[in-house]
Amino acid sequence: MTDTTTISVAGEPGYDITIGRGVLASLSEKLPANAQKVLIVHPPTLAAQAESLRAQLVGDRQVLLAEIPDAEQGKRVEVAAFCWQVMGQADFTRTDAVIGFGGGAVTDLAGFVAATWLRGVALVQVPTTVLGMVDAAVGGKTGINTAEGKNLVGAFWPPVAVVCDLDLLDTLSKNEATAGFAEVVKAGFIWHPEILDLIEADPENIVDPRGEAFRRCIELAIDMKARVVGEDLREAGLREVLNYGHTLGHAIEHAERYRWRHGAAISVGMVFAAELSRLAGRLSDDVAQRHRTVLESLGLPTTYRAGAFQTLKATMQRDKKSRGSMLRFIVLDDLARPTVLQAPDESLLFAAYQEVGA
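The structure presented is a predicted model; accordingly, all values stated were derived computationally and were not measured. (Residues numbered from 1 in each chain as written. Predicted model: local features only at pLDDT ≥ 70, side-chain atom pairs only at ≥ 80, totals over all residues. Heavy atoms only, no water.)

## Brief notes about the overall build of the chain
At step 1: Within the chain, the regular secondary structure consists of 13 helices and 11 strands.
At step 2: Computed over C-alpha atoms, the radius of gyration of the chain comes to 20 Å, within 12% of the 21 Å expected from 2.2 N^0.38 for 358 residues, which places it in the range of a compact globule.
At step 3: Taken over 358 residues, the chain has a buried fraction of 56%.
At step 4: Nonlocal contacts in the chain, meaning residues at least 24 apart in sequence, comprise 73% of its contacts between residues at least 6 apart.
At step 5: Of the roughly 14,200 Å² of accessible surface on the chain, 49% is carried by carbon and sulfur atoms.
At step 6: Computed over 35 positive and 45 negative side-chain charges, the inter-centroid distance for the chain is 5 Å. (Helix = DSSP H or I, 4+ residues; strand = E, 2+ residues; numbered from the N terminus. Rg over C-alpha atoms; globule rule 2.2 N^0.38 Å. Buried < 20%, exposed > 50% of the residue type's maximum accessible area, 1.4 Å probe, protein only. Contact = heavy atoms within 4.5 Å. Areas by Shrake-Rupley, 256 points an atom, 1.4 Å probe, with all protein chains shown as cover. Lys, Arg positive; Asp, Glu negative; His and termini not counted. Charge placed at Lys NZ, Arg CZ, Asp CG, Glu CD.)

Next up, the structure:
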């Protein structure tokens, strides 16, 4: 294990995010010393790796595996109940632990299971995708979906550690890495513009996990998330900025029955938020256009169905970021200057949507 970066998340309790190659070998050290039982939650595609991880961790511990459906299909209460059953039958106590080993949907579900079993057991997140590393595994938000929307049921439950082993990304397809990069782009627009410069310098190769620029982007995005959630765990203020592009993005995911990748939906959502910012007189034409240029250079979508506005608006009004029926959007006053736009007029929303409708 060499060339390791550690980013600390402040708060009570705080925790460390370890980034590097080969860092998975140190996973045992991240678990609580008194954890006698460990549940590894993983998707079917990582069954072999999960078994290797189990073999690595056994010793004085009992290590169990819980294979759950891939992607958003795993974020259901029935799946959480399956994990609870495994833990109950193995007599998991409050000193035991859960490991989320997979993409963002897996770490969301594993976190929710850890938060709810005996009102909370230790959680270690081991994200295996770009999206998981820069977003879902960091910050303590856990959740499952319902028929009414995404992440409407959940809890704030910070992990005791996050292990981001870049070796796990080497086998990702370019499409998978690109989809996850939408959250990296978000970090560039709301916090670290250096990310945008790195993408524009070499958009073709920026998503290569073996590249130095890729790692730099990942570390900057994680640094942004760590700083924000360290100051505001429960989204009482600053953390809202992380929702940039997500209000419309989540509505698109719901409309598509989660067949769209999260990154693709958030990509469209960011273009919409930029246009909303521009039309509200907050953002320059150049920065709004830069959203399209950067996202399209990565092959991410920037448009959605022209006639879907009313359906999407109804879903946005049920979004957990709303206050009553009052819609709230994170918009930009400039690069790295996010702010809240509350209860925009429907005509403004419609006009912004016309800019992404196709």
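## With respect to empty space enclosed by the protein
At step 1: Following the criterion strictly, the structure yields four cavities of 30 Å³ or more and no others.
At step 2: Considering only enclosed or pocket space, the largest cavity measures out at about 100 Å³ in volume.
At step 3: As for the largest cavity, its lining consists of 13 residues, of which Gly149, Lys150, His250, Thr315 and Asp319 are closest to the centre.
At step 4: Those elements that provide at least two residues to the lining of the largest cavity are strand 8 (149-156), helix 9 (246-255) and helix 12 (309-317).
At step 5: By residue number, the principal contributor to the lining of the largest cavity is helix 9, which donates four residues.
At step 6: Class assignment for the residues of the lining of the largest cavity results in three nonpolar, five polar and five charged. (1 Å grid on protein atoms, 1.4 Å probe; cavity = no way out; pocket = protein on both sides within 12 Å on 5 of 7 lines; lining within 4 Å. Points joined across faces, edges and corners; volume = space filled by probe spheres on them. Nonpolar A, V, L, I, M, F, W, Y, C, P; charged D, E, K, R; others polar.)

## Digging into the pattern of salt bridges
When their charged atoms lie close together, side chains carrying opposite charge are able to pair.
At step 1: Under the counting rule described, the total for this entry stands at 27 salt bridges.
At step 2: Lys174 serves as the salt-bridge partner of Glu204, at 2.7 Å between the closest nitrogen and oxygen. In this pair, Glu204 is assigned in the loop between helix 7 (194-201) and helix 8 (212-231) and Lys174 in helix 6 (residues 174-190), connecting sequence segments 30 residues apart.
At step 3: The class of Glu204 is exposed, set by a relative accessible area of 53%.
At step 4: Take Lys174: its relative accessible area is 44%, and that puts it in the partly exposed class.
At step 5: Among the salt bridges present, the one from Asp285 reaches Arg278, with a minimum N-O distance of 3.9 Å.
At step 6: Taking relative accessible area as the criterion, Asp285 reaches 53% and is therefore assigned exposed.
At step 7: Under the relative-accessibility criterion, Arg278 is labelled partly exposed at 25%. (Salt bridge = Lys/Arg side-chain N within 4 Å of Asp/Glu carboxyl O.)

## Some remarks on the environment of Arg210
At step 1: When you line up the elements, Arg210 lands in the loop between helix 7 and helix 8.
At step 2: Residue classification places Arg210 among the exposed positions, given a relative accessible area of 65%.

## Comments concerning helix 9
At step 1: Here helix 9 lies mainly inside the structure; eight of its 10 residues are buried.
At step 2: Turning to helix 9, its buried residues are His246, Thr247, Leu248, Gly249, His250, Ala251, Ile252 and Glu253.
At step 3: Of the surrounding elements, those touching the buried residues of helix 9 are strand 8, helix 6, helix 10 (262-279), helix 12, strand 10 (328-334) and helix 13 (346-354).
At step 4: In the stretch just after helix 9, Arg257 is the one whose phi turns positive, near 55°.

## Section: helix 8
At step 1: Its 20 residues give helix 8 an end-to-end C-alpha distance of 29 Å, which sits within 8% of 28 Å, the value for a rise of 1.5 Å per residue.
At step 2: Within helix 8, 14 of the 20 residues are buried, which leaves the element mostly enclosed by the surrounding structure. (Expected span 1.5 Å × (residues − 1).)

## Examining unusual backbone geometry
At step 1: In the segment running from Glu12 into Pro13, the intervening peptide bond is cis, with an omega of 0°.
At step 2: The topology assignment puts Pro13 in the loop between strand 1 (2-9) and strand 2 (15-21).
At step 3: Positive phi, close to 60°, is recorded for Asp91, a residue that is not glycine.
At step 4: Position of Asp91 relative to the elements: it lies in the loop between helix 3 (77-89) and strand 5 (97-102).
At step 5: If you check the backbone angles, Tyr258 has positive phi at about 65° while not being a glycine.

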